[in-house]
Amino acid sequence: MELWNSLVGGNKESDWSEVASLYLDNRKKYFSVSEIDKEEVPIVFSEGHKISFNKTGLGLDYTPLNSITIYHIDTRKAEVKMPSGNVDQPVIEDNRDGTVSIKYEPREEGVHELYVKYNGEHVQGSPYKFHVDSIPSGYVTAYGPGLISGVSGEPSLFTISTKGAGSGGLSLAVEGPSKAEITCHDNKDGTVAVSFLPTAPGEYKVSVRFGDKHIKGSPFLAKVTGEGRKRNQISVGSCSEVTLPGKISDNDIRSLNASIQAPSGLEEPCFLKRLPSGNIGISFTPREAGQHVVSVKKMGVHIQNSPFTITVQEQEVGDAKKVKVSGSALKEGKTQGENTFSVDTRNAGYGGLSLSIEGPSKAEIQCADSKDGVLSISYKPTEPGYYIVNLKFADHHVEGSPFTVKVSGEGSNRQREKIQRQRDPAPLTEVGTNCKLTFKMPGITSFDLAATVTSPGGVSEDAEIQEVEDGLYSVHFVPKELGVHTVSVKYREIHIPGSPFQFTVGPLRDSGAHLVKAGGAGLERGEAGRFNEFNVWTREAGAGQLAISLEGPSKAEIDFKDRKDGSCDVSYKVDEPGEYRVGLKFNEQHIPDSPFKVYISPAVGDAHLLEVAQFPDSAQVDKPTQFYIRLNGAKGQLNGTVVSPSGKTDDCFIQNIDGDQYSIRFMPRENGVHNINVKFNGVHIPASPLRIKVGKDDADPAAVHAHGAGLGSVKTGAKTDLIIDTCNAGAGILAVTMDGPSRVAMDCTEVEEGYKVRYTPLAPGFYYMSIKYNGHHIVGSPFKIEASGENLAEIGAQETSSVTVETVNKVAKAGQKQGPVLPHFKSDATKVTSKGMGLKKAYLNKHNQFTVHAGDAGNNILYVGIYGPKGPCDEVQLKHKGKNNYECWYVVRDRGEYIVIVKWGDDHIPGSPYKVEV
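For the protein chain, the name recorded in an unreviewed UniProt entry is Filamin-A, with Pieris brassicae as its organism. For the protein chain, the Subcellular location (unreviewed entry) comment in UniProt is given as "Cytoplasm, Cytoskeleton". UniProt lists a comment for the protein chain under the heading Sequence similarities (unreviewed entry), and it reads "Belongs to the filamin family."

**Notes on the overall build of the protein chain**
If you tally the helices and strands in the protein chain, you get two helices and 85 strands. Sequence separation of 24 or more characterises 66% of the internal contacts of the protein chain that already satisfy a separation of 6 or more. Split by element, the accessible area of the protein chain, about 45700 Å² in all, is 48% carbon and sulfur.

**Examining a negative patch on the surface**
A cluster of acidic side chains, namely Glu557, Asp559, Asp575 and Glu576, defines a negative patch on the protein surface. Tracing the backbone shows Glu576 in the loop between strand E53 (567-574) and strand E54 (578-586).

**Observations regarding the sheet that holds strand E14 (residues 141-143)**
Taken together, four strands build an open sheet; the order of strands is E14-E16-E19-E18 and the sheet is antiparallel. The open sheet has two edge strands with one neighbour each: E14 and strand E18 (181-186). Going from strand to strand, the sheet's axes swing by 25° on average, the running direction of each strand aside. One ladder, built from six bridges, connects E18 with strand E19 (residues 191-197); its direction is antiparallel. Note on E19: the bridge partner recorded for His185 is Ala193.

**Some remarks on the pattern of salt bridges**
Pairs can form between side chains of opposite charge once their charged atoms are near each other. Considering all chains together, one arrives at 25 salt bridges under this definition. Between Arg416 and Glu551 there is a salt bridge whose closest N-O contact spans 3.6 Å. With Arg416 in strand E40 (residues 415-423) and Glu551 in strand E51 (residues 544-552), the pair connects residues that are 135 residues apart, well separated along the chain. Overall, Arg416 belongs to the partly exposed group, its relative accessible area being 29%. Note on Glu551: relative accessible area 12%, which makes it buried.

**Description of the sheet that holds strand E81 (residues 875-882)**
Strands sit in the order E77-E78-E82-E81 across an open sheet of four strands; the sheet is antiparallel. Each having just a single partner strand, strand E77 (833-835) and E81 make up the two edges of the open sheet. Looking at each pair of strands side by side, their axes are set apart by 20° on average, direction ignored. In this sheet, strand E82 (residues 885-891) lies alongside E81 in antiparallel orientation, the contact comprising seven bridges. If you follow His880 over to E82, its bridge partner there is Tyr886.

**Overview of unusual backbone geometry**
Note that the residue after Ser218, namely Pro219, is joined by a cis bond; omega there is 0°. Cis geometry marks the peptide bond from Ser401 to Pro402, where omega comes out at 0°. Relative to the helices and strands, Pro402 resides in the loop between strand E38 (396-397) and strand E39 (403-408). Backbone geometry at Asp622 places phi at a positive 65°, although glycine is not the residue there. Assignment of secondary structure puts Asp622 in the loop between strand E58 (618-619) and strand E59 (625-630). Given a relative accessible area of 46%, Asp622 falls into the partly exposed group. Even without being glycine, Asn728 reaches a positive phi, approximately 65°. Among the structural elements, Asn728 can be located in the loop between strand E69 (720-725) and strand E70 (733-740).

**Comments concerning the environment of His112**
In this structure, His112 sits in strand E11 (residues 110-118). For His112, a relative accessible area of 0% puts it in the buried group. For the pair His112 and Val87, spaced 25 residues apart in the sequence, the C-alpha separation amounts to 9.8 Å. Once you skip the residues sitting within four places of it in the chain, His112 turns out to touch Val80, Lys81, Met82, Pro83, Tyr104, Pro106, Tyr128, Lys129, Phe130 and Val132.

**Some details on the side chain of Ser781**
Residue position: Ser781 is located in the loop between strand E74 (776-777) and strand E75 (783-788). A distance of 2.9 Å separates a polar side-chain atom of Ser781 from the backbone nitrogen of Ile771. Of the polar contacts made by the side chain of Ser781, one reaches the side chain of His777; its length is 2.8 Å. If near-sequence neighbours (up to four positions away) are discounted, Ser781 is found in contact with His514, Met769, Ser770 and Ile771.

**Topic: the packing of aromatic side chains**
Within the structure shown, the criterion is met by nine aromatic pairs. Here the aromatic rings of Phe477 and Phe503 are separated by 5.2 Å at their centres, their planes lie at 75°, and the arrangement is edge-to-face. Placement of the pair is Phe477 in strand E44 (residues 472-477) and Phe503 in strand E47 (residues 501-505), with a sequence separation of 26 residues. Residue Phe477 is classed as buried on the basis of its relative accessible area, which comes to 9%. Consider the rings of Tyr886 and Trp904, whose centres lie 6.3 Å apart with planes at 65°: the pair is edge-to-face. Taken as a pair, Tyr886 in strand E82 and Trp904 in strand E83 (residues 897-904) lie far apart in primary sequence, 18 residues in all.

**As for the side chain of Ser361**
Mapped onto the secondary structure, Ser361 falls in the loop between strand E34 (351-359) and strand E35 (364-369). Judged by its relative accessible area of 4%, Ser361 falls in the buried class. For Ser361, the side chain forms a polar contact with the main-chain nitrogen of Glu383, separated by 3.4 Å.

**Observations concerning the pairing of strand E9 (residues 91-94)**
When E9 meets strand E10 (residues 100-103), the two strands line up antiparallel, connected through four bridges. Within E10, the residue paired with Ile92 across the bridge is Ile102. In sequence, E9 turns back onto E10 through a hairpin of five residues, with Arg96 there showing a positive phi of about 60°.

**Structural notes on a nonpolar patch on the surface**
A grouping of Tyr867, Ile899 and Ile901 is seen on the molecular surface, where their side chains present a nonpolar patch of about 270 Å² in accessible area. If you trace the backbone, Ile899 turns up in strand E83. A relative accessible area of 32% means that Ile899 is categorised as partly exposed.

**A closer look at the environment of Gln626**
By the secondary structure assignment, Gln626 is in strand E59. A residue is classified by how much of its surface remains accessible, and Gln626, at 33% relative accessible area, is partly exposed. Gln626 sits 37 residues away from Ser663 along the chain, and the two C-alpha atoms are 6.6 Å apart. Residue contacts for Gln626: discarding those within four places in its chain leaves Gln614, Pro616, Ser663, Ile664 and Arg665. Engagement of the side chain of Gln626 in a polar contact is seen with the side chain of Tyr628, the distance being 3.0 Å.

What counts as what
- Residues numbered from 1 in each chain as written.
- Predicted model: local features only at pLDDT ≥ 70, side-chain atom pairs only at ≥ 80, totals over all residues.
- Heavy atoms only, no water.
- UniProt positions renumbered as here; feature names shortened; annotations may be inferred.
- Helix = DSSP H or I, 4+ residues; strand = E, 2+ residues; numbered from the N terminus.
- Contact = heavy atoms within 4.5 Å.
- Areas by Shrake-Rupley, 256 points an atom, 1.4 Å probe, with all protein chains shown as cover.
- Patch = residues over 30% accessible without salt bridge, like charges linked within 9 Å, V, L, I, M, F, W, Y side chains within 5 Å.
- Salt bridge = Lys/Arg side-chain N within 4 Å of Asp/Glu carboxyl O.
- Lys, Arg positive; Asp, Glu negative; His and termini not counted.
- Charge placed at Lys NZ, Arg CZ, Asp CG, Glu CD.
- Pairing = 2+ DSSP bridges.
- Axes fitted to C-alpha atoms, helices over the stretch in contact; angles between N-to-C directions.
- Buried < 20%, exposed > 50% of the residue type's maximum accessible area, 1.4 Å probe, protein only.
- Polar contact = N/O pair within 3.5 Å; in protein donor to acceptor, adjacent residues only side chain to side chain.
- Phe/Tyr/Trp six-rings, centres within 6.5 Å; stacked < 30°, edge-to-face > 60°.

Here it is, written out as structure tokens:
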């Protein structure tokens, strides 16, 4: 030990950069030890005993002699899983330049998996698959990273070796979610370098054939991610307009909806608008020639003169093939400048033009309509790389689309940091058990917090809020029903970020990234040089991998704390102020509203000295409101702005009252929650932004519910609808957005219980419908909708359609059922099994038992009913044993014949109803 101390300098502990060296038989051997998520004290002295590190999971056996051993302990780990299932250890070599090399000599033929981890988490793309051949020379083989993984918009590379293979044709094909350009280069040494450019994330099938036969391992499956890609889109274009016969007042337009049916049967919503002539017109995009039928209804009933017919001429139908595009900006571009191309739709009929650009940066798009009818479109990227330009007219790609554009030039030198964490499923909750939802919100007091829980049946009750630790709170409630509950958490009568929350009691009805929520101050603003925090709730999404990325002017330090209840706390710190983007992905898909744009201000400095005084609880429209700021000795410039619910920004009037005290006054112009930004020397003061409720803002997103066929499985080309129930939710701004493989014609009209949204999907695939009320997602939003059927539009990049309505106050009629409907379960009652004597014969005044097994039948609610000669059975008990297995017993008091009914949801299970003799 004395020798060790002298070697490392006294009592100094070993650090992470020391090189592991073992001198044995005059030879020097290098090794590294990896340990995952567990602190390990390095062994620094040993006396001739064999030490087996395999028992501690370090994966290393060696026999030290009477010598000094210095270990290198790092957080890198690599393993190779062989086709036999055995695990082997490759060699990791540090290249001393921020990279490592992994070397492995295979011992088996077949598909191997390479696991590479850093800090206990898989690096991007891990596990990597590679195929090992025992084929002698003379056969064609392929190898390289492009056969395993890749990134959207970046070339995927691999090599084909044809050494000694003789004559024969070599053919390549790449199939996947997007068109992928393939380029080949003959290396003149018997190998061919191949590159293909995927333009969308997903799984690609790479086929390599030699002499019309697949080579060994072909087709290869390459997983392409969309890491770091940004997308921007615009929509412009023209619609056909037809005057509606008869006179209609402006008041009636709110409750009217119109649809048009083409000769093929395709029915889409169309729009009503006031024409310059003063008449009401119908606006639509013609998709085929011939006689069309237009229906205009009010509250589901045809108005006078409806339906009526119109004729669409061939030249009026939008034809993407007749659109002419020109300009070098569709082949190459420059960063930090405008890249312009022109689009001529004059001879292409009526149709909407949609443009999306996806690449390493979110390119600004400008569109100008010249006098001669030719559109001039420009885009301004900030980072070099490959960009994908999707250009559609009347929902079909124009010739050449999607275009692959190589952008060169100087980048903005933005830094990117990312961590990944595996999220385990949260514990299943049952009726009668204590349920908990936690959130972190520093700098407030629990006295200003309030929470309510609304059951699936519409019953609302107050919930208890406990302060777990400083700034960490938990909402507790005991549910009385199975199904989706709504948990509302408010601070000073305003929903906290993320509220209202969906909380499922019993088995989850769905899973996926669309059910993940995030919220907190760190997703709205931050400060350089300190940790900024936010919450992520993954409970409703099930198990999966959560990826957190931060991109901006400086590299970020990201920290993660799992609360083990389906929620977690994320904090990050950056050194430079500026605009950052926080990306949150769950199982490779962005969660709702991700990426979040966050402005990081410079270090607070004297701004932390400022205090807010006499801040009002509420304000009134068109009446001045003021509060006070104390500087407490701080020196600098004070300014303030107020942001209304509609997004308009106005300056506040600031006046010095006395020495260090200032008044800040503003005049609200609309009802709703306003944000007041108070800055000192350009930096937010600690309490900023301050929130205040103006007027009678009773719009409550927790009281809004959506139901209808349009939220389930739908068909392409068929008009479908849903109802958004706003009864007792107050008046507010209703915004509906649909993201999916095609644009949808969508409208929103007023009905008795709220608003009806109608839309027609044109392409099969998954659509996500976001429904927001006053800027907050309602419970269940975004909804995942699957469309099946014929493809009526060309699929390219994800497309967005939206409609916004300013609602009026709706009140439910007396006796009308309020609250949400039952969730849409996916189940199959035919797969439920049951057994037990209680389904065949029963005995008086005894427990008669049977069991029901629904583990393979999906998720639903089990109903059991027993009816006898004199009415219902006296006593029935049902107990969930876990994993959709149930135990039931009942007691009967009278002799005779009983009927036992067992349903899984609305459907009888096999054998039900059962006849039981007592």
